Each structure stands twice: as structure tokens, then as C-alpha cells.
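Report on the structure
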Amino acid sequence: MNIDTVLFDLDGTLIDTNQLIIDSFKYTFDHYQLSFTDAEIIEFNGPPLIETFHKIDPDRVEEMIAKYREHNLTEHDHYVKAFPQVKETLEELKKNNVRLGIVTTKMKATAIKGLVLTGLDSFFDTIITLEDVTHPKPHPEPVMKAMQALDAEASATLMVGDNSHDIESGNNAGVQTAGVAWSLKGKERLLAHHPTYVLEEMREILTIVGV
């Protein structure tokens, strides 16, 4: 088994928050009387909120983030669920002593909220969030910080995600990478960033890891 550590992005990879994110942006934009199409909103999914809102209105970044989170936190539990095969795959990896971590651009409290709601919180040995790093994905720092916490080697680590930032962060950290075909932005977008693997379904990780 040449992979002994697997790092996962959270939203759009392990848990389905896609519609929650889209509706949270719509809620925010409606409040500020801004108009964006669904296709444009999907492009905002991935980078930290501060980056997205700074591009839209640099003078109102903090208040826009607060408005987004107002909807996102209130409605969170009505939307969020684990993607198919996620829990079973994590159980199998854990049973075979594979070290597991989360690397996300979410805030820690919100990330843990999603993990607890979907029953995934017990599987992970480290959770690296936006608060834990100076440079978020696609910078290598979040992946490297997770590896450090798990005492993992880059050559034996796999980073799994649904967004180009996940693949770039993994590539920049020198680890193997896997894009997920259920990415909201489409598999072809991920292929442009040269992941080591593309997962059509979550259980394919078991073959890659060799358990």
C-alpha cells in the first residue's frame, strides 16, 4: 500500500452542500440587489468567501460575508447530506489504518457542523480550515499542514477534491491527487489541472489505496 494518508476537501467532495451554497449566494445578492446567473454563482464555489466578495464589492466584504453566513448557518441542516458511498468508504479506510484528514476553506465551526450532521466526524484525525492557515488553497500550505499533523509523507499522501483549488493545492504540495467526477463544475474542468486520478464514485479510492 503506497498511499497511507488521504486528505479530503469537504464541500462538494464528501458532503453535498452545492444547493446550500448557491442559495446562500442568492440570498446575499438579493439583499444587495445584485444579479448573477446560476452559472456565474457556481464559479464562486471553491475560493474563500473573502476572495469572492472582494471581487464583487471590496467596500462591503465583511457585511456580505455576514449576510451569506446568516442564510448558510440557519438553513444548513435542511440541505446538507453525505454523497453516496462516502461513509462506507471512510469506514473501510479507517479499518485499514489509513490516516484521514480534512482540508477545507470553510471556517472550523461550520466544517464540524457538516461533519457531525452527516455522521462523518469520527473518521478524521485532523481538520485544517481557513483559520489554520495563512495561505488557503490553491497554495500548498493547507495540504502540508495536514500532512505535518498526521506525520505523513508527500509520496504516500492523496488529496481528493471537487475543485481546481484542491487539485492545485495537492499538486503544489507534491502529493498525489484525485478529482471527483461529481464536481458541480464538471469533470472536464478538473482534468485541465492534471489530477493523478479521477474518481467516478467514492469507493474507487479503496482500489487506489490498495485495501
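Residues numbered from 1 in each chain as written. Predicted model: local features only at pLDDT ≥ 70, side-chain atom pairs only at ≥ 80, totals over all residues. Heavy atoms only, no water.

In this section: the domain arrangement of the protein chain. The assigned domain composition of the protein chain is domain 1 (5-16 + 81-209) and domain 2 (17-79). Using only C-alpha atoms to locate each centre, domain 1 and domain 2 end up separated by 23 Å. Listed per partner, the contact involves 19 residues of domain 1 and 17 residues of domain 2. At the boundary of domain 1 with domain 2, total buried surface from both sides reaches about 1600 Å², with 55% on carbon and sulfur atoms. Considering only the side of domain 1, the residues that lose the most area to domain 2 are D16, K113 and L184, jointly responsible for 31% of the buried surface there. For the salt bridge of K113 with D77, the shortest nitrogen-to-oxygen distance reads 4.0 Å. (Domains from an automatic or database assignment. Contact = heavy atoms within 4.5 Å. Buried area = accessible area lost by both parts, 1.4 Å probe. Salt bridge = Lys/Arg side-chain N within 4 Å of Asp/Glu carboxyl O.)

Moving on to the nonpolar core. Counting residues in each nonpolar core, the largest one holds 31 residues, and the members touching the most others are V6, F8, L14, L100, L120, F124 and V160. Elements that contribute at least two residues to this core include exactly β1 (5-8), α5 (86-95), β4 (99-103), α6 (108-117), β6 (157-161), β7 (176-180) and α10 (204-209). It is α10 that contributes the most residues to this core, 4 residues altogether. Discounting residues that sit within four places of it in the chain, L120 has contacts with L14, I15, A82, V86, K87, L90 and L115. (Core = buried A, V, L, I, M, F, W, Y, C linked by side-chain atoms within 4.5 Å. Buried < 20%, exposed > 50% of the residue type's maximum accessible area, 1.4 Å probe, protein only. Helix = DSSP H or I, 4+ residues; strand = E, 2+ residues; numbered from the N terminus.)

Our focus in this paragraph is α5. Every buried residue of α5 is listed here: V86, T89, L90 and L93. Taken around the axis of α5, the buried residues stretch over an arc of 95 degrees, which confines them to a single face. The exposed residues of α5 that point more than 90 degrees off its buried face are E88 and K95. The inward-facing, buried residues of α5 contact β1, β4 and α10. Positive phi shows up at N97, right after α5, with a value of about 65 degrees. (Arc of directions from axis to C-beta.)

With 5 of 5 residues buried, β6 is to be regarded as a mostly interior element. The alternating pattern of β6 places T157, M159 and G161 on one face and L158 and V160 on the opposite face, and all of these are buried. Sheet topology places β1 next to β6; 4 bridges connect them, and they run parallel. Residue pairing in the sheet places F8 in a bridge with V160 of β6. Summarising the sheet, β6 and β7 pair through 4 bridges and their orientation is parallel. By the bridge assignment, M159 is partnered in β7 with T177. After leaving β6, the chain enters helix α8 (residues 164-173) and then returns to the sheet as β7, a path that is right-handed. (Pairing = 2+ DSSP bridges. Right-handed = clockwise from strand over helix to strand, strands pointing away.)

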